[in-house]
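Structure assessment
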Amino acid sequence: MSRASDRAYNLIRGMILSGELGPGSQLAEEALAVLCDVSRTPIRDALRRLEADLLIRRTGTQRSFVADWSLSDVEDGFELRGMLEAHAARRACQRMDDRALARLRGCNARIRVAIERSEPDVGGFMDANREFHAVVLEQAASRRLSALLGTLVEQPVVRRTAEHYGSDQLWQSWSEHDELIAAFARRDSVWAEAVMQGHIRRAFHTYADAHKGRSGEPRYPVHDNCIQNDGRSGTGPANDDSGRGNAAVARER
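Thresholds applied
- Residues numbered from 1 in each chain as written.
- Predicted model: local features only at pLDDT ≥ 70, side-chain atom pairs only at ≥ 80, totals over all residues.
- Heavy atoms only, no water.
- Axes fitted to C-alpha atoms, helices over the stretch in contact; angles between N-to-C directions.
- Helix = DSSP H or I, 4+ residues; strand = E, 2+ residues; numbered from the N terminus.
- Parallel < 35°, antiparallel > 145°, perpendicular 65-115°, else oblique.
- Contact = heavy atoms within 4.5 Å.
- Nonpolar A, V, L, I, M, F, W, Y, C, P; charged D, E, K, R; others polar.
- Phe/Tyr/Trp six-rings, centres within 6.5 Å; stacked < 30°, edge-to-face > 60°.
- Buried < 20%, exposed > 50% of the residue type's maximum accessible area, 1.4 Å probe, protein only.
- pLDDT = per-residue confidence, 0-100.
- Salt bridge = Lys/Arg side-chain N within 4 Å of Asp/Glu carboxyl O.
- Polar contact = N/O pair within 3.5 Å; in protein donor to acceptor, adjacent residues only side chain to side chain.

1. Quick word on the packing of helix H2 (residues 29-36) against helix H3 (residues 40-52)
Two measures define how a pair of helices packs: the angle their axes make with one another and the distance between the axes. Where H2 contacts H3, the axes come no closer than 9 Å and their chain directions differ by 105°. Here H3 runs roughly perpendicular to H2, going by the angle between their axes. For the pair formed by H2 and H3, the contact residues are Glu-29, Glu-30, Leu-32, Ala-33 and Cys-36 on the first element and Arg-40, Ile-43, Arg-44 and Leu-47 on the second. For the contact of H2 with H3, the class distribution of residues is five nonpolar, no polar and four charged.

2. Considering the packing of aromatic side chains
Taken as a whole and assessed by the stated rule, the structure comprises two aromatic pairs. Ring geometry for Phe-78 against Phe-204: centres 5.7 Å apart, planes inclined by 55°, an arrangement best described as tilted. Here Phe-204 lies in helix H10 (residues 189-213) and Phe-78 lies in helix H4 (residues 71-95), a separation of 126 residues in the sequence. According to the relative accessible area criterion, Phe-204 is buried, its value standing at 4%.

3. Side note on the confidence of the model for the chain
Considering every residue of the chain, the mean pLDDT works out to 81; 77% of them sit at 70 or more. No element of the chain has a lower mean pLDDT than helix H8 (residues 155-163), at 64, and none a higher one than helix H5 (residues 98-116), at 97. Considering only residues more than four positions removed or in separate chains, one finds that residues 215-225, a stretch of pLDDT under 50, has 27 contacts. Confidence over residues 229-253 falls short of pLDDT 50; this stretch has 39 contacts with residues more than four positions distant or in other chains.

4. What about the side chain of Ser-25?
Mapping Ser-25 onto the fold places it in the loop between helix H1 (3-18) and strand S1 (26-27). In this structure Ser-25 comes out as buried when scored by relative accessible area, which is 0%.

5. Topic: unusual backbone geometry
One non-glycine residue with positive phi stands out, namely Asp-37, at about 60°. Tracing the sequence through the fold places Asp-37 in the loop between H2 and H3. Positive phi outside glycine occurs at Ala-141, with the angle close to 55°. Positionally, Ala-141 belongs in the loop between helix H6 (122-140) and helix H7 (143-150).

6. A look at the pattern of salt bridges
Scanning the model with the defined rule gives 15 salt bridges in all. Look at the salt bridges and you will find they share partners, linking Glu-29, Arg-40 and Arg-44 into a network.

7. Overview of the environment of Thr-206
Within the secondary structure, Thr-206 is located in helix H10. The buried category is assigned to Thr-206, whose relative accessible area is 5%. Once the C-alpha coordinates of Thr-206 and Gln-169 are considered, the two residues, 37 residues apart in sequence, prove to be 8.4 Å apart. Reaching out from Thr-206, the side chain makes a polar contact with the side chain of Gln-169 at a distance of 3.4 Å.

So this is what it looks like as structure tokens:
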């Protein structure tokens, strides 16, 4: 792959994973080329790679959209993630040293600080949570396991889940991490594996409850220059029901 293609891929992927390009956004090659400062050929290469990553989808007319996974797709991902992270916890338990345990305790302490606020710091929670799971995976010491999990733990789904956590659920997540630390400290791999499996499964049910109950889930901000309208022409506001202009997220009907 060319450097231009790699640059475009990394930039677009980062915008998708951060939520800057929200689910369902239609991606315009020409605008992406301007944003990435490359020609359209590297953009096409990047979009093909992102499609292989399941981060975007293409229609029969070759229009590209940021993937908006169905609940069934998400459940499948969580099931696979649960099996892999539980296996990682089991492996990590056999290799966990005092330094790694201290890092896990530090991550969970940061989570506690984030959720003790009157208005929980979801961003702080996510950062510390991500590091906690990264330490477990690091201790599992399996490059293959890391590669497989890297395709499953994508930030849009993780962020959606975290943003629907109430106070009780945030504290439950902290408590499950605390129990994992206890299992690791006792080198009890069966306990660690079971707690991690339940931890991931509970996160799925939080996501599923929000998915089933939302009529208008908050959308992530989108980068106006990278999306297209629904095929309407003109530069004035589109006459859609929501009152959004042509720069609004394009959804395939």
